[in-house]
Amino acid sequence: MTVTALDPRTALVVIDLQAGIVAAPTEPYTGAEVVSRSVELADAFRARDLPVVLVRVSFAADGADAVPGRTEAGGAAGPRPEGWDVVVDELAGHPGDITVTKRNWGAFHGTGLDVQLRRRGVTQVVLCGIATSIGVESTARAAHEHGYHVTLATDAMSDMSNEAHRGSVERIFPRLGETGTTGQILDLLAKTHG
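A quick note: this is a predicted structure, and the numbers were derived from the prediction, not measured.

Criteria and cut-off values
- Residues numbered from 1 in each chain as written.
- Predicted model: local features only at pLDDT ≥ 70, side-chain atom pairs only at ≥ 80, totals over all residues.
- Heavy atoms only, no water.
- Buried < 20%, exposed > 50% of the residue type's maximum accessible area, 1.4 Å probe, protein only.
- Helix = DSSP H or I, 4+ residues; strand = E, 2+ residues; numbered from the N terminus.
- Pairing = 2+ DSSP bridges.
- Salt bridge = Lys/Arg side-chain N within 4 Å of Asp/Glu carboxyl O.
- Axes fitted to C-alpha atoms, helices over the stretch in contact; angles between N-to-C directions.
- Contact = heavy atoms within 4.5 Å.

**Q** Help me understand the pairing of strand 1 (residues 10-15), please; the structure alone is not making it clear to me.
**A** Among the six residues that make up strand 1, six are buried, leaving the element largely enclosed by the rest of the structure. On strand 1, burial covers both faces: Thr10, Leu12 and Val14 on one face and Ala11, Val13 and Ile15 on the other are all buried. Two strands pair when backbone bridges link them, and strand 1 and strand 4 (residues 124-130) are joined in this way by six bridges, in the parallel orientation. Across the sheet, residue valine 13 finds its bridge partner in strand 4, namely leucine 127. For strand 1 and strand 2 (residues 52-57), the ladder comprises four bridges, and the chain directions are parallel. Across the sheet, residue valine 13 finds its bridge partner in strand 2, namely valine 53.

Okay, here's the thing in structure tokens:
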């Protein structure tokens, strides 16, 4: 499917492109490929004065603010290394960007993301980042539930396995919004936003 429309106030929401996550092995795209395509999108949005939101996940050193609950997969293994939660240099350092720190998979619950978007008149979000089936999908589901139009840059996201990535892209995302490649989104952005 190809993305068909971008609203006048569309925001780019970049999920978890931070040191400790980008360094992990991902499929079908490497962390470097996802970062590169996300930078292309961010630069294009910034050039048109459209909001760019950089979402990162972080927790207190003692884990007191981490999501509780038993899971079959278990919790995170031990303390994380210093700097694991720092947004990658390629995306950081733009004063107009909005930074959101989350403590859950999705970027809406327990953060000010919805307020930040609504105050700027945003009606649509373009999502990218890592991991497709976790942070990106959780954020897409919540964006859809909050009434935003959702677009997913499918080659600017990746997962721990190709199977997980494809499951989200092929089965879940078409029910939440529209999908397209970075190139398709950039072309549509140029046509609709000059």
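**Q** Would you take a moment to explain the pattern of salt bridges for this structure?
**A** Where side chains of opposite charge bring their charged atoms close, a pairing between them can arise. Using the criterion set out here, one finds eight salt bridges in the structure. In this structure, aspartate 43 engages arginine 46 in a salt bridge whose closest nitrogen and oxygen atoms are separated by 3.2 Å. Taken together, the residues aspartate 43 and arginine 46, both in helix 2 (residues 31-47) and three residues apart, mark about one turn of the helix. Residue aspartate 43 is classed as partly exposed on the basis of its relative accessible area of 39%. For arginine 46, a relative accessible area of 18% gives the class buried. For aspartate 97, the salt bridge identified is with arginine 46, shortest N-O distance 2.7 Å. Here the residue aspartate 97 occupies a position in the loop between strand 2 and strand 3 (98-102), and arginine 46 occupies one in helix 2, the gap between them amounting to 51 residues. Residue class for aspartate 97 comes out buried when judged on its relative accessible area of 14%.

**Q** It is not clear to me how the sheet that holds strand 4 should be interpreted in this structure. Could you clarify?
**A** By way of backbone hydrogen bonds, the strands of a sheet pair with one another, either parallel or antiparallel. Within the open sheet, the six strands sit side by side as 3-2-1-4-5-6. Their pairing is parallel. Strands at the two margins of the open sheet, each flanked by one partner only, are strand 3 and strand 6 (178-180). Going from strand to strand, the sheet's axes swing by 25 degrees on average, the running direction of each strand aside. Here strand 4 pairs with strand 5 (residues 149-158) via six bridges, running parallel. Within the sheet, the bridge partner assigned to glutamine 124 lies in strand 5 and is histidine 149. Where helix 2 meets the sheet, its contacts fall on strand 1, strand 2, strand 4 and strand 5, and the angle it forms with strand 5 comes to roughly 140 degrees.

By themselves these figures say nothing about function.
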